[in-house]
Amino acid sequence: MRHIAIIGSGPAGYYTAEAAQKLWGDDVRVDIFDMLPVPYGLIRTGVAPDHQSIKGVSRRYESTALSENVRFVGNVTIGEDISIPELQELYDAVVLATGAPNDKAAGIPGEGLENVFGSAAFVGWYNGHPQFAKLGPDLTVNTAVVIGNGNVALDVARILSKTAEEFSGSDIVAHALHALQKSHIERIVILGRRGPHQIAMTPKELGELAHLTRACPRVDPADLPPVDDDLFLEPGQRKSVGHLRGFAAIPEEFRCDKPVEIDFDFFASPRAILGDERVTGIEVERTALDSDGRASGTGETYTIDCGLIITCIGYKTSPIPGVPFEESAGRFANDEGRIVPGLYCVGWARRGPSGTIGTNRPDGFAVVESIAADLSSGVLGHGGKQGRPGFDQLAEARGLDIVTFRDWKKIEAVEEARARSGAPREKFVHVEDMIKALDS
Ligand code: NAP
């Protein structure tokens, strides 16, 4: 029997469990740990609440989760309730599937001012992550600046623009919906340090901006390269740039019909966030592309007055004491998923925050291949680990209040029952309330 512990119940965790099950069938036991009492990580608290079809992938994980040899062990914090070395004593392989939950810093003055947030915090807030439920962003400001030209910047700009009706069918949490209904935002500036050809936005997500009830995207035609240059782009990127060209062609009269403007400001690099205690503006430097395609400052600066800033410039993994970490890339130091014998990483914790949810599937299968090779070669010792029974003993001795997958299904049923009309669920945003729901 092989005993595998996976830390993190997001896509990378469940794809790894699926791969282990496919390879070893009944000869493996997989325990998937999560610090929250609820599973699915990024699917629950990262994917935008109005993108329910993407969240639907969790149904696939459920079939893995419900199988006999895979177990969800929620409400267990690694490093507090049990350490990595203790897990390594108990399991043949420990796989870190902890994602990249922390914001990269922009490294500019003023990042600590009030009403300046990283996207991990802001997205966590509107998605009901317990860590960010109390974030309390003030949306009663005229202008918001969103820094970054990736899909997260698009998610944030779209969520800030939507009407309550446009959230019907979504699982945006009540506190965020309430704050958005009282929003005064009329202008959202999306700052890109490079140009339209360098965006990291995908066509479907970009195209959504053209169909918002009360917001209209705006692109300065002067920022667009000659149309023939689009031929050198790969097809997806060409489609995205096509959307930007469409936005640039929207007549001014039509734009004026809508009260919110989503303004793409390209070749614009943030230099300093301004304000005393609270943000009042951002200083930006105009850039030009150098011969390597990087943004170089031109020396020309200007200020955008704004009362809210959200940096959407990428994420990093949380380091774990004693586990080698590659600071510059924001992920665990690893060789094809191997950290040290018996300790592996997968998904964003392995490769950094890139790719789609589906990219984590081959990652999960690859790490299981590595584990299989290491088990065969004897690198991981000669078996005899206690696995589940050993963990259960330790959990009992420590009085851990473990949440099982069956428990989660109870929490889920209560969340579904308390959903507002048309919504799939109303998430609990505090761990205590999730635990209390188990008694209902
Ligand atoms: P991303 O795709 O890596 O984009 C980060 C953006 O931030 C880039 O435009 C980057 O510009 C910019 N940036 C980085 N550092 C900066 C700085 N110091 N100052 C100004 N700009 C800076 O990251 P993401 O948007 O966080 O997305 C993470 C991953 O999740 C991506 O793979 C994304 O596709 C995926 N995702 C997918 C969806 C979806 O499919 N619906 C939704 C959300 C996220 P440069 O290019 O110049 O570095």
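Basis of the calculations
Residues numbered from 1 in each chain as written. Predicted model: local features only at pLDDT ≥ 70, side-chain atom pairs only at ≥ 80, totals over all residues. Heavy atoms only, no water. Pairing = 2+ DSSP bridges. Helix = DSSP H or I, 4+ residues; strand = E, 2+ residues; numbered from the N terminus. Axes fitted to C-alpha atoms, helices over the stretch in contact; angles between N-to-C directions. Phe/Tyr/Trp six-rings, centres within 6.5 Å; stacked < 30°, edge-to-face > 60°. Lys NZ or Arg CZ within 6 Å of the ring centre and 35° of its normal. Buried < 20%, exposed > 50% of the residue type's maximum accessible area, 1.4 Å probe, protein only. Arc of directions from axis to C-beta. Near = heavy atom within 4 Å. Polar contact = N/O pair within 3.5 Å; in protein donor to acceptor, adjacent residues only side chain to side chain. Areas by Shrake-Rupley, 256 points an atom, 1.4 Å probe, with all protein chains shown as cover. Nonpolar A, V, L, I, M, F, W, Y, C, P; charged D, E, K, R; others polar.

## Some words on the sheet that holds strand β12 (residues 281–289)
Strands belonging to one sheet form pairs held by backbone hydrogen bonds; the direction of such a pair is parallel or antiparallel. Strand order in the open sheet formed by three strands is β11-β12-β13, with antiparallel pairing between adjacent strands. The open sheet has two free edges, formed respectively by β11 (268–274) and β13 (295–305), since each of these has just one partner strand. On average, each strand axis in the sheet is inclined to that of its neighbour by 25°, with strand direction left out of account.

## A closer look at the packing of aromatic side chains
What the rule picks out here adds up to 15 aromatic pairs. Taking the centre distance of 5.7 Å and the plane angle of 85° together, the rings of F325 and F332 count as edge-to-face. In textbook terms, an aromatic cluster arises when at least three aromatic residues are bridged by ring pairs, as seen for Y14, Y15, Y40, Y61 and W408. Seen from the ring of F428, R418 lies directly overhead, with NZ or CZ sitting 4.0 Å from the centre.

## Looking at helix α14 (residues 388–398)
Those residues of α14 that sit buried are R388, G390, F391, L394 and A395. One face of α14 carries all of its buried residues, which in axial projection span an arc of 160°. Relative to its buried face, α14 has exposed residues pointing more than 90 degrees away, namely P389, Q393, E396 and A397. Of the residues one or two after α14, G399 is the one with positive phi, at around 65°.

## Observations regarding the site of the ligand
The local shell around the ligand holds 21 residues, among which N149, R193, R194, E205 and G355 are the closest. Within the backbone of C312, a nitrogen or oxygen atom sits 3.5 Å from an oxygen atom of the ligand. Between the ligand and the protein, one listed contact pairs an oxygen atom with a backbone N or O atom of G355 at 2.9 Å. Protein burial of the ligand: of its 910 Å² of free accessible surface, 77% is covered by the chains. Tallied by class, residues from the shell around the ligand come to 10 nonpolar, seven polar and four charged.

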